[in-house]
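One letter stands for each residue in the lines below.
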Amino acid sequence: MTLAFDFAALSTDAVSILLFVLRVAVALLCIVTATRCFTSMRLGKRRKDPIMVLEDMTTHQLIPVLYWENSIGRSRSCDVVLRDQTASRAHAVLMRRENGWFVADTNSKSGTFVGGRKLKDRAPVFPGDIISMGSTVLMLKRTADVGAPPPAPPRRGAASPFSLIWAVLVTQILLAVQVGLSSGKLETAPMLPLGGLMACELIFYVYSIRLMGHVSFELETLAFLLSGVGLALQSAVNVKSAFTQLAGVVLGLALYRFLIWFLGDMDRVMKWRVKIAVLAVLVFAANLLLAKSRNGARNWVTLGPLTVQPSEFVKIAFIIVGTSTLDRLQTTKNLTGFIGFSAVCMGALFLMRDFGTACIFFVGFLIISFMRSGSVRTIALACAVAVFGSFLILKFKPYVAQRFEVWRHVWEHTGDAGYQQTRVLSYSASGGLFGVGLGRGCLKDVFASTSDLAFGMVCEEMGIVIAVTAVLILAFLALYGRGVATRSRSALYSIAACAAGGLLLFQAGLNIFGATDVLPMTGVTLPFISLGGSSMMASWGMLAFLKASDERTYAGRRKKE
Amino acid sequence: MKTTGARSMILFLLAAGFFFGLGVFLYGLVTDGGKWAVQPFNGHIKGNSVSSGEGSVYDRNGTVLAATKDGKRVYSSDLDTRCAMLHAVGDTEGNICAGVQYSYRSALSGYNFITGLVAPTGKSNGCDIRLTLDSDLCRLARDKLDGRNGAAALYNYKTGQMLCLVSTPDYDPENPPKDLATNPDYSGAYLNKVVSSTFTPGSTFKVITSAAAIENMPDLDSRTWECNGSVVINGNKITDIASYGTLSFKNALAKSSNVAFSQIAVEIGAQKMQAEADKMGFNRSFSFDGTDTAKSSYSVASAAKDELGWSGVGQYTDLANPFHMLVLMGAIANGGTPVMPYMVQSVVSPVGIPVQVGTAKTGDSLVSADTAARLRDYMRYDVTYEYGDSLFPGLNVCAKTGTAEVGGGKHPNCWMVGFSTNDSTPYAFVVLVENSSQGSVASAGRIASALMKQAGGVK
């Protein structure tokens, strides 16, 4: 009898120690996989070798063409600078599209000519063609034709997609074991959502690498890692909501693939922009009409069995509407249309009293408008308006003002307005570096723990190491978006990637800093991790913009044809 | 594309803000993580109270002073021990801030940065704390205080180990009285008076005045004072309890003549008195196992002559903290520089690794070696000539008593501070009995005698 009891106690200890070892292993796997992805993405970036060359036919000087879209003009900020007083400041754009090189005139004074014919809008150019602007005459040439060394082969060291998917699957198997053992005995039901996720990942891997012939899998790997962490967390709390979360991943993957296809044709994107803007405004209008107030904000719409947060999808529309190709940027200098659209979006969010999302849209607006115009004045003006707006909110919405009052004073309000923050801090510290174990935390019983306080839950149950790794992944995604800004196939992708990366990072910041009292509390979700189907889908949508910005994304497809 | 690339730098701004925020959170976690974790609402700490961590507290002999059994905090099985150790150990509710259960709550709860509150075995095991205190000696001090309010402390001035630390009133931490907050008898029960209170020092302050005299009056031992019961300074009469006639300096200290010492203070002057008091640790806080002690105060910058006279005999606005007086005794015994007292001998993690070990730490010099040597002679003479060496047989104790008038219709506070000069019994002590109807030797002296005899192994 005594012996049996001792054995039971020993085995509980053994299970706990096994779970601890698994948590350490998952943390290390996450760090290694994330590092591998980011180094591989850095190595995968093309070197700054010229793609084509322009030869000045009077001086016979060779001008390298470095980018997929190149502005040509007198201005020193152009990619190809013309020392020609008769040329316009931003005269034309030379760009690579799927079916070859094009040159577009961007409202120049004297016009652009290809082969002696004046351009109306844009025209294809082939190697050997003469392009003349003002008094300058240029000939497009292949780099090989002017004796330049052939482009260097891609550097070695890029991670193979196969090794990455393996790392993700192993990590998630370890997570699933933790979820299964969270009650002390092995249960299979809570492991099913993670099993489903792994199946999705395999199918998606086979689809995009084997069938579509894509060569890179780093971004997807990172997103799968984050989704796995979130799903494990949800499975240990509530299996039913974990399945909803899994559905979010499946739909998110579909949206991701769709957006990558949609963004593939830049002319299609530019054509659809206005329609998407109108649709976004209609969605917001419908939201305002249909939504019922839920926890102070009217940002949820119930459609049959589904509850969706329309603002999550409008975020995607917002980026598509905001971004633009280089030739369009040069012809339409003003931001009026986009400012108007942004104002409508933010106004709708104010009416819904979803101020956290309004902040996210505002930061998106700042990034896009600055990247389009480079105008510090516009940014300053927008910020002034924002300060005025927040002043009005604080004056007329006392519950928002209250959040500012407890900010940095949460320990004086452990029983009321600082309840959630103090629990997050206390339980985050309780978890230590490797957490107390999935399902064994206490924060899960606090209101909104799986969404607004998700960062605290990761800290408590999975440990600071995984939590910090997860948010660093989001930070480096944003920096990756910036890093490929000059290497993407179009300014459209660059702007969209920077905006998407910035939004993901800012939203993550609002979530974790609000919950940990670094900033006032706002109810926004942590991308890929917080509970919420709409949020999960939107996170994958944002990732599509980053993926589109990687020049390898659309290279694979061309190879296939 | 070049300009697009340049403008994308705006994301660095965002990332910088993000890393800054993450830094703020992580910095807080590293520095305050223990404080964050050890909250009364934290579900990982069993027992729903601040201090009910899992670790045990022992005295120097291994006697259990506090432990957790079945999620409940329990204390020594002996009621007197529980009460005597209350202020050193602390209570369950976290009201006694100078107790180790409060000041070492993260260690007791088992919190550490690596594993948080829960060990890899899935249990939350706290560190055990072993104190330098001797619960027998503490119980003796409480027993001798016999229901009177006061404080007593005794430490080894060579090693710094605190052996006795008692403050009264006290109560039973296992069954706190219902009227703790309302009954005036329990007023001050949450305070460890040794560490956190100050009292009028009375004649014990003459040790400081003596040090100033030694350093400022070269002909001190050849001087005499006419002590005929009173002296008028600045129109204000300063009195003694008796007329002692002509007194040499050492007899003036032994008789504790206010007449002589008020004149000495006036002669030395406010500036030098202030400097001496400041050097000897007044107006300064000491650290005792992470708790800052209450500051003793001495301030004569704006005192009139008669007030300066009173300050020299430990009245006026003088206040002394018992811990400080203990350190000062340790310093005089130790050649002028004290070894600072501590009471946490070791903090040992559940796997048996000591995470903190108490060691002797030398404090700032409080008095010069020469002055200390002469003070020892005078204070030894106090005992042999006035108090009676039979109080401390064979221990070679140097001491000074004090009877501090507190007014308000109360009896005086009686003090005795001192130390043994024997190498085999290097103990210093401070005893304070509040509102005492007996003289200082009969009240504080008897307690000091009992403590020193037990600590020194005198049968």
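Residues numbered from 1 in each chain as written. Chains lettered and ligands numbered in written order. Predicted model: local features only at pLDDT ≥ 70, side-chain atom pairs only at ≥ 80, totals over all residues.

## Examining the overall build of chain A
Then, number 1: When its secondary structure is counted, chain A shows 18 helices and 13 strands.
Then, number 2: Projected onto its principal axes, the C-alpha positions of chain A cover 100 × 55 × 40 Å.
Then, number 3: For chain A, with 561 residues in total, the buried portion stands at 52%.
Then, number 4: For chain A, long-range pairs separated by at least 24 residues make up 67% of all intrachain contacts whose partners lie at least 6 apart in sequence. (Helix = DSSP H or I, 4+ residues; strand = E, 2+ residues; numbered from the N terminus. Buried ≥ 20, exposed ≤ 12 C-beta atoms within 10 Å, placed from the backbone. Contact = placed C-beta atoms within 7 Å.)

## Overview of the overall build of chain B
Then, number 1: In terms of regular secondary structure, chain B is built from 16 helices and 19 strands.
Then, number 2: Taken across its 459 residues, chain B has 56% of its residues classed as buried.
Then, number 3: Partitioning the intrachain contacts of chain B with sequence separation of at least 6 by distance along the chain shows that 67% fall at a separation of at least 24.

## Side note on the sheet that holds strand β4 (residues 128–131) of chain B
Residues and elements named next belong to chain B.
Then, number 1: Strand order across the open sheet formed by six strands is β3-β2-β1-β4-β14-β15, with mixed pairing between neighbours. Looking along the sheet, the strands with just one partner apiece sit at the ends: β3 (72–75) and β15 (354–357).
Then, number 2: Pairing between β4 and strand β14 (residues 344–348): four bridges, direction antiparallel. Bridged to D128 within β14 is V348. (Pairing = 2+ DSSP bridges.)

## Let's talk about the interface of chain B and chain A
Then, number 1: Between chain B and chain A, the contact holds 34 residues from the first and 48 residues from the second.
Then, number 2: Mapped by element, the contributors of at least two residues to the side of chain B that touches chain A are α1 (2–7) and α2 (10–37) of chain B.
Then, number 3: Looking at the side of chain B that touches chain A, its residues break down into 18 nonpolar, 14 polar and two charged. (Nonpolar A, V, L, I, M, F, W, Y, C, P; charged D, E, K, R; others polar.)

## A look at the pairing of strand β1 (residues 52–56) of chain A
Residues and elements named next belong to chain A.
Then, number 1: When β1 meets strand β2 (residues 62–65), the two strands line up antiparallel, connected through four bridges. Paired with V53 across the strands is P64, a residue of β2.
Then, number 2: Taking the residues that link successive antiparallel strands as the turn, the β1-β2 hairpin has five residues, and the phi of H60 there is positive, at about 60°.
Then, number 3: Of the pairings in the sheet, the one linking β1 to strand β11 (residues 136–142) comprises five bridges and is antiparallel in character. Each residue of the ladder has a partner; that of D56, found in β11, is L138.

## Considering the nonpolar core
Then, number 1: Ranked by size, the top nonpolar core spans 184 residues in total, and within it V229, C345, V458, I466, A467, A496 and A500 of chain A carry the most contacts.
Then, number 2: Dropping the residues within four chain positions of it, V229 of chain A is found in contact with V458, M462, I466, A470 and I529 of chain A.
Then, number 3: With 130 residues, the next largest nonpolar core counts V327, V383, W415 and M452 of chain B among its residues. (Core = buried A, V, L, I, M, F, W, Y, C linked by C-beta atoms within 7 Å.)

## Re the packing of helix α13 (residues 419–431) of chain A against α2 of chain B
Then, number 1: Where α13 of chain A contacts α2 of chain B, the axes come no closer than 8 Å and their chain directions differ by 105°. As the angle between them shows, α13 of chain A and α2 of chain B are arranged roughly perpendicular. Two secondary-structure elements touch here, α13 of chain A through L425, S426, S428, A429 and S430 of chain A and α2 of chain B through L29, G33, W36 and A37 of chain B.
Then, number 2: Here the residues of the contact of α13 of chain A with α2 of chain B are counted per class, giving five nonpolar, four polar and no charged. (Axes fitted to C-alpha atoms, helices over the stretch in contact; angles between N-to-C directions. Parallel < 35°, antiparallel > 145°, perpendicular 65-115°, else oblique.)

## Observations concerning the pairing of strand β6 (residues 162–168) of chain B
Across a regular strand the side chains alternate sides, sitting on one face of the sheet and then on the other.
All names here are of chain B.
Then, number 1: A large share of β6 lies buried, amounting to seven of its seven residues.
Then, number 2: Looking at chain direction, strand β5 (residues 150–156) and β6 are connected through six bridges and run antiparallel. Note on β6: the bridge partner recorded for A151 is S167.
Then, number 3: Once β5 ends, the chain turns through five residues before running back antiparallel as β6, passing G160 with a positive phi of about 85°.

## Section: the confidence of the model for chain B
Then, number 1: For chain B, the mean per-residue pLDDT works out to 91, and 97% of the residues sit at or above 70.
Then, number 2: Here residues 47–52 of chain B is modelled with pLDDT under 50, and outside its nearest four sequence neighbours on either side it reaches 27 contacts, counting other chains as well. (pLDDT = per-residue confidence, 0-100.)

## Observations concerning the environment of L54 of chain A
All names here are of chain A.
Then, number 1: Topologically, L54 is positioned in strand β1.
Then, number 2: As a C-alpha pair, L54 and L175 span 121 residues in sequence and 55 Å in three-dimensional space.
Then, number 3: Beyond its immediate stretch of four places on either side in the chain, L54 contacts I63, V65, V80, L138, M139 and L140.

## Remarks on the environment of G180 of chain A
All names here are of chain A.
Then, number 1: Tracing the backbone shows G180 in helix α2 (residues 161–180).
Then, number 2: On the basis of neighbour count, G180 is assigned to the buried category, with 20 C-beta atoms found within 10 Å.
Then, number 3: Separated by 141 residues in the primary sequence, G180 and T39 place their C-alpha atoms 33 Å from one another.
Then, number 4: If we skip the residues at most four places from it in the chain, G180 touches L186, E187, T188, P190 and M191.

## Topic: the packing of helix α3 (residues 192–211) of chain A against helix α5 (residues 239–264) of chain A
All names here are of chain A.
Then, number 1: With their axes 9 Å apart at the nearest point, α3 and α5 run at an angle of 10° to one another. Considered as vectors, α3 and α5 are oriented roughly parallel to each other. Residues P193, G196, L197, C200 and F204 of α3 form the contact with α5, whose own contacting residues are V239, A242, F243, Q245, L246, V249, V250 and L253.
Then, number 2: Class assignment of the residues belonging to the contact of α3 with α5 gives a composition of 11 nonpolar, two polar and no charged.

## Quick notes on unusual backbone geometry
Then, number 1: Along the chain, T168 of chain B connects to P169 of chain B via a cis peptide bond; the corresponding omega equals 10°.
Then, number 2: In this structure, P169 of chain B sits in the loop between β6 and α8 (193–196).
Then, number 3: Backbone geometry at R353 of chain A places phi at a positive 65°, although glycine is not the residue there.
Then, number 4: Mapped onto the fold, R353 of chain A is located in the loop between α9 (336–352) and α10 (355–373).
Then, number 5: Residue R353 of chain A is classed as partly exposed on the basis of its 17 C-beta neighbours within 10 Å.

## Topic: the confidence of the model for chain A
All names here are of chain A.
Then, number 1: When pLDDT is averaged along chain A, the result is 88; 94% of the residues meet or exceed 70.
Then, number 2: Taken as a whole, residues 1–7 scores under 50 in pLDDT and shows zero contacts with residues more than four places along the chain or in a different chain.
Then, number 3: Confidence drops under pLDDT 50 across residues 557–561; counting only partners more than four residues distant or on other chains, this segment forms three contacts.

## Section: the sheet that holds strand β9 (residues 122–125) of chain A
Residue and element names in this part refer to chain A.
Then, number 1: Overall, mixed pairing links the five strands, which are arranged β4-β3-β5-β6-β9 in an open sheet. In this open sheet, the two edge strands, each paired with only one partner strand, are β4 (80–81) and β9.
Then, number 2: Here strand β6 (residues 100–105) runs beside β9; their pairing, made up of four bridges, is antiparallel. Of the residues in β9, the one forming a bridge with F102 is P124.

## Overview of helix α11 (residues 376–396) of chain A
Then, number 1: For α11 of chain A, which comprises 21 residues, the first-to-last C-alpha distance of 30 Å matches the rise-based estimate of 30 Å (1.5 Å per residue) to within 8%.
Then, number 2: Counting buried residues in α11 of chain A gives zero out of 21 residues, a small share hidden from the surface. (Expected span 1.5 Å × (residues − 1).)

## Considering helix α16 (residues 491–515) of chain A
All names here are of chain A.
Then, number 1: The end-to-end C-alpha separation of α16 is 36 Å, in line with the 36 Å expected for 25 residues at 1.5 Å each.
Then, number 2: Taken across its 25 residues, α16 has 25 buried, putting it largely inside the fold.
Then, number 3: At the exit of α16 stands D517, carrying a positive phi of roughly 70°.

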